[in-house]
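Listed below are the residues making up each chain.
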Amino acid sequence: NAGVTQTPKFRVLKTGQSMTLLCAQDMNHEYMYWYRQDPGMGLRLIHYSVGEGTTAKGEVPDGYNVSRLKKQNFLLGLESAAPSQTSVYFCASSNRRTGDNQPQHFGDGTRLSIL
Amino acid sequence: LAKTTQPISMDSYEGQEVNITCSHNNIATNDYITWYQQFPSQGPRFIIQGYKTKVTNEVASLFIPADRKSSTLSLPRVSLSDTAVYYCLVGDVYNQGGKLIFGQGTELSVKP
């Protein structure tokens, strides 16, 4: 059971380039999330999804787009990368259970550097 | 938004009990409190979650006072392998998914 898998693990981009980060989960979870982690900032929520075909903005959505075409996949896109988007990106998923707040399961991150 | 505040770092020795407190003065009625552990080059891993009073599992205890404006993660008898960063997360996944607020993390160093 792989859990949450992020692709790629590392990437270097030039300013202005575009790319897509892929997150896949095999736990049949309803909810999926994208975070970024910067030194001294903890984790900040970029976008999230409560189900297939739906997405919503988190705390820091500017400069990113997401799509959830399949329940098991959540894509994070950078249309025109900027140095300020250099960060470690984490994907997470959680189950939905009425009356309970299920914990998130995280992938091991994508380290993205933008020059 | 329920902003959270944690100590930046803590030191301990093997075998001691460690208590890490998170302050969340603006916690909302529906918010849960969740603690995660993170090792270098890995994603956060769930430790424990609670809403009020005390919760205990096989690895930790979580104490939440009646006003819920803070919470304390208690790690009994820590070992070297407990050296990690610990985050508290306050929020309600279902009603406030976009307002999940992680603390800045507490870097725990366990010494022999």
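Residues numbered from 1 in each chain as written. Chains lettered and ligands numbered in written order. Predicted model: local features only at pLDDT ≥ 70, side-chain atom pairs only at ≥ 80, totals over all residues. Heavy atoms only, no water.

(A) Region of the structure containing unusual backbone geometry. Residue Pro8 of chain A follows Thr7 of chain A across a cis peptide bond; omega there is -5°. As for its placement among the helices and strands, Pro8 of chain A is situated in the loop between β1 (4-7) and β2 (10-13). Its identity as a non-glycine residue notwithstanding, Asn28 of chain A has a phi of 60°, on the positive side. Positionally, Asn28 of chain A belongs in the loop between β3 (19-25) and β4 (31-38). A positive phi angle is found at Arg77 of chain B, which is not glycine, with a value near 50°. Judged by relative accessible area, Arg77 of chain B falls into the exposed class, the value being 64%. (Helix = DSSP H or I, 4+ residues; strand = E, 2+ residues; numbered from the N terminus. Buried < 20%, exposed > 50% of the residue type's maximum accessible area, 1.4 Å probe, protein only.)

(B) Seen up close, the pattern of salt bridges. Residues and elements named next belong to chain A. What the rule picks out here adds up to four salt bridges over all chains. Residue Asp38 is joined to Arg36 by a salt bridge in which the shortest nitrogen-to-oxygen separation is 2.9 Å. Overall, the relative accessible area of 8% leaves Arg36 in the buried class. Look at Asp38 and you get buried, because its relative accessible area is 11%. Linked by salt bridges that have partners in common, Arg36, Asp38 and Arg44 make up one network. (Salt bridge = Lys/Arg side-chain N within 4 Å of Asp/Glu carboxyl O.)

(C) A look at the pairing of strand β6 (residues 61-64) of chain B. All names here are of chain B. Judged from the four bridges that link them, strand β5 (residues 53-56) and β6 form a sheet pairing that is antiparallel. In the strand pairing of β6, Thr53 is matched with Ile64. Pairing of β6 with strand β7 (residues 70-75) involves three bridges; the strand directions are antiparallel. Its bridge partner lying in β7, Phe63 is registered against Thr72. Once β6 ends, the chain turns through five residues before running back antiparallel as β7, passing Arg68 with a positive phi of about 60°. (Pairing = 2+ DSSP bridges.)

(D) Just the environment of Asn19 of chain B, in detail. Residues and elements named next belong to chain B. Take Asn19: it is sitting in strand β2 (residues 18-23). In this structure, the C-alpha to C-alpha distance between Asn19 and Thr72, residues 53 residues apart in sequence, is 6.3 Å. Filtering out sequence-adjacent residues up to four positions away, Asn19 remains in contact with Met10, Thr72, Leu73 and Ser74. Reaching out from Asn19, the side chain makes a polar contact with the side chain of Ser74 at a distance of 2.9 Å. (Contact = heavy atoms within 4.5 Å. Polar contact = N/O pair within 3.5 Å; in protein donor to acceptor, adjacent residues only side chain to side chain.)

(E) Spatial organisation of the interface of chain A and chain B. Taken together, the contacts link 27 residues of chain A with 22 residues of chain B. Taken together, the two surfaces of chain A and chain B that pack against each other cover about 2000 Å², and 52% of this comes from carbon and sulfur. Here chain A and chain B share zero salt bridges between them. Connecting chain A to chain B are four residue pairs in polar contact (both at pLDDT 80 or more). Among the elements of the structure, β4, β5 (42-51) and β9 (87-94) of chain A are those that each provide at least two residues to the side of chain A that touches chain B. Taken together, the residues of the side of chain A that touches chain B break down into nine nonpolar, 11 polar and seven charged. (Buried area = accessible area lost by both parts, 1.4 Å probe. Nonpolar A, V, L, I, M, F, W, Y, C, P; charged D, E, K, R; others polar.)

(F) Spatial organisation of the sheet that holds strand β8 (residues 73-78) of chain A. All names here are of chain A. Spatial ordering of the open sheet is given by β1-β3-β8-β7, a layout of four strands whose pairing is antiparallel. On the outer flanks of this sheet lie β1 and β7 (65-67), each paired with one strand and no other. When the angles between neighbouring strand axes are averaged without regard to direction, this sheet yields 20°. (Axes fitted to C-alpha atoms, helices over the stretch in contact; angles between N-to-C directions.)

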